[in-house]
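As a plain string of letters, each chain reads:
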Amino acid sequence: MLSLALLLLLDLSALSPAWASHQHFLPHSIKIPGDITLGGLFPIHARGPHGLPCGELKKEKGIHRMEAMLYALDQINGDPSLLPNITLGARILDTCSRDTYALEQSLTFVQALIQKDTSDIRCSDGRPPVIRKPERVVAVIGASASSVSIMVANILRLFEIPQVSYASTAPELSDNNRYDFFSRVVPPDSYQAQAMLDIVKALGWNYVSTLASEGNYGESGVDAFMQISREAGGVCIAQSVKIPREPTDGEFDKIINRLMETSNARGVIIFANEDDIKQVLEAAKRANLTGHFLFVGSDSWGAKSSPVMELEDVAEGAVTILPKRASIDGFDQYFTSRSLENNRRNIWFNEFWEDDFRCKLTRPGVEVDPGKKKCTGQERISRDSPYEQEGKVQFVIDAVYAVAYALHSMQQQLCGDQSDGGVCRAMDPVEGRSLLGYIRDVNFNGSAGTSVLFNENGDAPGRYDIFQFQMTNHSHPGYHVIGQWTNNLRLNLEEMQWSGGDKSLPDSICSYPCKPGERKKMVKGVPCCWHCELCDGYRYQADQFTCETCPPDMRPVPNRTACRPTPIIKLEWNSPWALVPASLSMLGIVATCTVVVTFVRFNDTPIVRASGRELSYVLLTGIFLIYLITFLMIAEPGVVVCAFRRLLLGLGMAITYSAMLTKTNRIYRIFEQGKRSVAPPKFISPTSQLLITFILVSVQVLGVFAWFVVVPPHTIVDYEELRPPNPDLARGILKCDMSDLSLICCLSYSMVLMVTCTVYAVKSRGVPETFNEAKPIGFTMYTTCIVWLAFVPIFFGTAQSTEKMFIQTATLTVSMTLSASVSLGMLYIPKVYVILFQPEQNIQKRKRSFKGVVQAAQLSHKSVRENQNGGSNFEPDRTQ
């Protein structure tokens, strides 16, 4: 486009004098004579339909703003203290809201700066032509749209003509390298975008969509918002939708449908022109989405009534932003006093008059449509037509005054003593780059009482009013001020209300906050969206993104935000798992003590002596220790208790089964020896039996003491044994340092003795019962084996139970109690019964010699052999 402008300039330099003369009377410009001329660019007309540059008249954005410049010139020229003896003039052009048309029009401003070679031009009489020099424009006020300002700024900077805009807010224009001669009295959209982001955050939203009209204003505004939101973090963009310049039928319905793809993003940041805003609201209403979308509009929406007219229910709750402004009373008086007679300098005023009063002016030679009302000229603005000062009037006035104050400072510095004499030689011509420096240095109170100044990029400070469109609870439904933004946001949330008058803040978030004990599992690429994942099991919420496992001795608190110590338990005496084994053991101890007392009392009776008193007392001691171990297994673990558990757990059984093994081995050897010889076997005396028993027991004792040396007894708290899926049920178990394996190892030697004893009992089953205790011992061992065979699956089958310790302890103690009771019941209770209740049988009938034992063994062996050979009759030897 810049190259096009240069080509046009080249064409201008080659045009005829007649063209140059014609340009002085441009039909689409206003010429106000003066010592110094300012240019003006205003959107007097809208963009024209296809093929036409201009369309319908724009009363507010066009006529109001342009008249504001004329009003400012009148005020400045009437102020003797400002630019004394200098009159400001103007050349005002219509941009027709089109950037390309505005570029063509703005070439008028640079005509005076083009050196034309007229040496080869002659009039018809041969004389050189007299070419009227066009006025020199020292600065340009405008334009309105950012796209127009960008186009014009590219050409004005080539000729070093400063430009001051009253409405262009595109962030791109802040680039001082590309637009170094551009300044503006309105803040850029980057400030506006920051203010809108602050509003979004203040409302607690983090997931919004953006909607922009195609073009520099909309796209750059959205780009600024997205960039700032990325840098600040905390807000994500769900959809970024662009409205085409020439939208097709149904385009806005498609836009609404696209926004609904992310329905959680109810907040919509909108940088769009009035027409697009209105059509978006209409499409939302057609889709029956009234009250769903929460619009945050830029200054193009501001506090305008036209976008929301007849769509108030859809727009209710919309938050809009507008550069801080005030209504200029002086302009209201000026503008409402304008008439056809006193405002002939405005070449578009007749057109405005017809449009404002909806009448038709009569023109010579032009017939007026009989169906239309004729204008009388007596109509008055505000009296006979609605009037409301356009929002940017203040900024137009401030822009003109900014240039005037800059020229005044230049006059004071360059002209010195001649400053009261108008334009001095040092200011003729006004040098553009120097004037730009003065413009950037101005600082004065503007028409609204706020300071007007520029930063190094030519931008004005950001000052915004925050509005919300409200319908209920107000006597005058419409836009209501709810806050301000001046580098930081001040928002009155209590004054805000939403669809239906609801006072509660609506949501526009991708994901709701996770509950305590849940971590955020982020959605890839969308930092504001996540899934909430429970920190289950023994995990707790370390931070909002992480679940960590509690230490082994701890479990999560109920809300899973921290860990708490796991309760420590032990087998209590009042537990059923302890009461039953303890009761059985107590009965066993009483029974054992009864047997011992009976045996001691009747120590010399035949039954006691025949049962082998020495080994019987040893065996009863073992049975007593087996009963006693139950109480050690239930007692609270400690070093002493753990030591006695190790020692006595296997010792009682080792003593019992060593004694029984010695007995069965003695009987077996005697009868086996009797089959072969009449000589008695070795080591069958009571002393030998005791020695053998103590040797067998010593193996168990030595093993336990070796265990003491390698691993001293101590207590542990086992947190793994009772650690079910539900951490509320987790418990630490105070126990002795005895694993299941060490427990089995401790009992394994006793098991070996028991199995060996059972084998000898089986081998001795053929011995006559009148000679030995083999059969009672045999029955005892068979029953004991059955008990312990039942013990193994019960003990190891409960390894995964939540009450493993209780079940296993009860199983072990009951099994040991039962085995001791079997031994006691089968070996000694019958004897005690005879001793106490059948004393007549407790007498010595005759003394049995070893020879008699041998004969009995031989007869028993012969009987067994004949039975194996099929013989059924046995004839005793009568020779005896």
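The rules behind these values
- Residues numbered from 1 in each chain as written.
- Predicted model: local features only at pLDDT ≥ 70, side-chain atom pairs only at ≥ 80, totals over all residues.
- Heavy atoms only, no water.
- Patch = residues over 30% accessible without salt bridge, like charges linked within 9 Å, V, L, I, M, F, W, Y side chains within 5 Å.
- Areas by Shrake-Rupley, 256 points an atom, 1.4 Å probe, with all protein chains shown as cover.
- Salt bridge = Lys/Arg side-chain N within 4 Å of Asp/Glu carboxyl O.
- Helix = DSSP H or I, 4+ residues; strand = E, 2+ residues; numbered from the N terminus.
- Buried < 20%, exposed > 50% of the residue type's maximum accessible area, 1.4 Å probe, protein only.
- pLDDT = per-residue confidence, 0-100.
- Contact = heavy atoms within 4.5 Å.
- Pairing = 2+ DSSP bridges.
- Disulfide = S-S within 2.5 Å.
- Core = buried A, V, L, I, M, F, W, Y, C linked by side-chain atoms within 4.5 Å.
- Axes fitted to C-alpha atoms, helices over the stretch in contact; angles between N-to-C directions.
- Parallel < 35°, antiparallel > 145°, perpendicular 65-115°, else oblique.
- Left-handed = near helix turned anticlockwise from the far one by under 90°.
- Nonpolar A, V, L, I, M, F, W, Y, C, P; charged D, E, K, R; others polar.
- Lys, Arg positive; Asp, Glu negative; His and termini not counted.
- Polar contact = N/O pair within 3.5 Å; in protein donor to acceptor, adjacent residues only side chain to side chain.
- Phe/Tyr/Trp six-rings, centres within 6.5 Å; stacked < 30°, edge-to-face > 60°.
- Arc of directions from axis to C-beta.
- 1 Å grid on protein atoms, 1.4 Å probe; cavity = no way out; pocket = protein on both sides within 12 Å on 5 of 7 lines; lining within 4 Å.
- Points joined across faces, edges and corners; volume = space filled by probe spheres on them.

> Could you give me a rundown of a nonpolar patch on the surface, with the residues and numbers involved?
A grouping of Val762, Phe779, Tyr782 and Met826 is seen on the molecular surface, where their side chains present a nonpolar patch of about 340 Å² in accessible area. Structurally, Met826 can be placed in helix 22 (residues 804-827). For Met826, a relative accessible area of 33% translates into the label partly exposed.

> A description of unusual backbone geometry should follow, citing residues and the corresponding values.
Cis rather than trans, the peptide bond between Gly142 and Ala143 has omega equal to 0°. In this chain, Asp428 is followed by Pro429 through a cis amide linkage whose omega measures 5°. Although it is not a glycine, Leu83 sits at a positive phi angle of roughly 50°. Along the chain, Leu83 turns up in the loop between helix 3 (59-77) and strand 5 (88-94).

> Kindly report on the confidence of the model for the protein, identifying the contributing residues and their values.
Per-residue confidence for the protein gives a mean pLDDT of 84; residues scoring 70 or more make up 87%. Scored below 50 in pLDDT, residues 1-27 makes 37 contacts in the model with residues more than four places away or belonging to other chains. Within the model, pLDDT remains below 50 along residues 870-880, and this stretch shows five contacts once partners closer than five positions in the same chain are excluded.

> Outline the pairing of strand 20 (residues 526-534), supporting the account with residue identities and numerical values.
Two elements, strand 19 (residues 518-523) and strand 20, share six bridges in a ladder whose sense is antiparallel. Residue pairing for strand 20: Val523 is matched across the bridge by Val526.

> Help me get a handle on the state of the cysteines, residues and values and all.
The full count for this structure, using the stated rule, is nine disulfides. Two residues, Cys514 and Cys532, share a disulfide whose sulfurs are 2.1 Å apart. Taking the sign of the S-S torsion, about -95° here, the bridge from Cys514 to Cys532 comes out left-handed. Residue Cys514 is found in the loop between strand 18 (489-491) and strand 19, and its partner Cys532 is found in strand 20; the two are separated by 18 residues along the sequence. According to the relative accessible area criterion, Cys532 is partly exposed, its value standing at 35%. Not part of a disulfide, Cys745 finds its nearest cysteine sulfur in Cys746, a span of 8.7 Å.

> Give a detailed account of the nonpolar core, specifying residues and quantitative values.
Counting 68 residues, the largest nonpolar core has Leu38, Met69, Leu88, Leu407 and Leu435 as the members making the most contacts within it. For this core, the element with the highest residue contribution is helix 13 (residues 393-415), accounting for 14 residues. Sequence-distant contacts of Met69, defined by excluding residues within four places in its chain, comprise Leu38, Gly39, Gly40, Phe42, Ala90, Ile92, Ile141, Val396 and Val400.

> Kindly report on the packing of helix 17 (residues 613-634) against helix 22, identifying the contributing residues and their values.
For the pair helix 17 and helix 22, the least separation of the axes is 9 Å and the interaxial angle reads 160°. The orientation of helix 17 with respect to helix 22, classified from their angle, is roughly antiparallel. Crossing geometry of helix 17 relative to helix 22 is assigned as left-handed. Residues Leu619, Leu620, Ile623, Ile626, Tyr627, Ile629, Thr630 and Met633 of helix 17 touch helix 22, and the partners they reach there are Thr809, Leu812, Thr813, Met816, Thr817, Ala820, Ser821, Ser823, Leu824 and Leu827. In the contact of helix 17 with helix 22, the residues fall into twelve nonpolar, six polar and no charged.

> Got a sec to walk through the side chain of Asp94? Specific residues and values, please.
Structurally, the position occupied by Asp94 is in strand 5. Lacking a salt bridge, the buried Asp94 has Lys58 as its closest oppositely charged neighbour, with an N-O distance of 8.8 Å. One polar contact links Asp94 to His45, side chain to side chain, over a distance of 2.6 Å. Side-chain polar atoms of Asp94 contact the backbone nitrogen of Cys96, separated by 2.9 Å.

> Requested: an account of the packing of aromatic side chains, with residues and values cited.
Going through the model one piece at a time under the given rule, you end up with 21 aromatic pairs. Ring centres of Phe42 and Tyr166 lie 5.1 Å apart, and the angle between their planes is 15°; this geometry places the pair in the stacked category. Of this pair, Phe42 sits in strand 2 (residues 36-42) while Tyr166 is found in the loop between strand 7 (163-165) and strand 8 (182-184), placing the two residues 124 residues apart along the sequence. With centroids separated by 6.1 Å and ring planes inclined at 40°, the aromatic side chains of Phe293 and Phe295 adopt a geometry described as tilted. For the residue pair Phe293 and Phe295, the accessibility class agrees, reading buried in each case. Taken together, the ring pairs in this structure connect Tyr71, Phe331, Tyr334, Phe335, Phe349, Phe352, Trp353, Phe357 and Tyr387 into an aromatic cluster.

> Lay out the sheet that holds strand 13 (residues 319-323) in plain terms, naming residues and giving numbers.
What the eight strands build is an open sheet, ordered 10-9-11-12-13-16-17-18; its pairing is mixed. Of all the strands in the sheet, the pair left with one neighbour each is strand 10 (236-243) and strand 18. This sheet shows a mean twist of 25° between the axes of neighbouring strands, independent of strand direction. Bridge analysis of strand 13 against strand 16 (residues 464-470) gives five bridges, and the strand direction is antiparallel. Within strand 16, the position partnered with Thr320 by the bridge is Phe467. Here helix 8 (residues 251-259) sits on the sheet in contact with strand 9 (207-213), strand 10 and strand 11 (267-271), set at roughly 175° to strand 10.

> Residues and numbers for the packing of helix 4 (residues 99-106) against helix 5 (residues 146-156), please.
For the pair helix 4 and helix 5, the least separation of the axes is 9 Å and the interaxial angle reads 35°. The handedness of the crossing between helix 4 and helix 5 is right-handed. Two secondary-structure elements touch here, helix 4 through Asp99, Ala102, Leu103 and Ser106 and helix 5 through Ser147, Val148, Met151, Val152 and Ile155. Along the lines of polarity and charge, the residues of the contact of helix 4 with helix 5 split into six nonpolar, two polar and one charged.

> Tell me about helix 11 (residues 329-336), and please be specific about residues and values.
Residues of helix 11 that are buried: Phe331, Asp332, Tyr334 and Phe335. The buried side chains of helix 11 occupy one side of the element, clustering within an arc of 165° when seen end-on. In helix 11, the exposed positions angled more than 90 degrees off the buried face are occupied by Asp329 and Gln333.

> I'd like a description of empty space enclosed by the protein, backed by residues and values.
Using the criterion set out here, one finds two cavities of 30 Å³ or more in the structure. Quantified by volume, the largest cavity comes out at close to 320 Å³. Lining the largest cavity are 21 residues, and of these Met633, Arg645, Lys735, Met805 and Thr809 sit closest to its centre. When residues of the lining of the largest cavity are traced back to their parent elements, those giving at least two are helix 17, strand 27 (731-736), helix 20 (740-763) and helix 22. For the lining of the largest cavity, the element with the most residues is helix 22, which contributes four residues. Its volume calculated, the second largest cavity comes out at about 120 Å³. As for the second largest cavity, its lining consists of 13 residues, and the residues nearest its centre are Val185, Phe395, Thr450, Ser451 and Arg463. Among the secondary structure elements, those contributing two or more residues to the lining of the second largest cavity are helix 13 and strand 15 (451-453).

> Please set out the pattern of salt bridges residue by residue, giving values where relevant.
Per the stated rule, a full pass over the model turns up 22 salt bridges. Here Glu135 and Arg91 are joined by a salt bridge, their closest N and O atoms 2.7 Å apart. Highlighted residues: Glu135 in the loop between helix 4 and strand 6 (137-141) and Arg91 in strand 5, separated in sequence by 44 residues. Of the residues examined, Arg91 reaches a relative accessible area of 2% and is grouped as buried.

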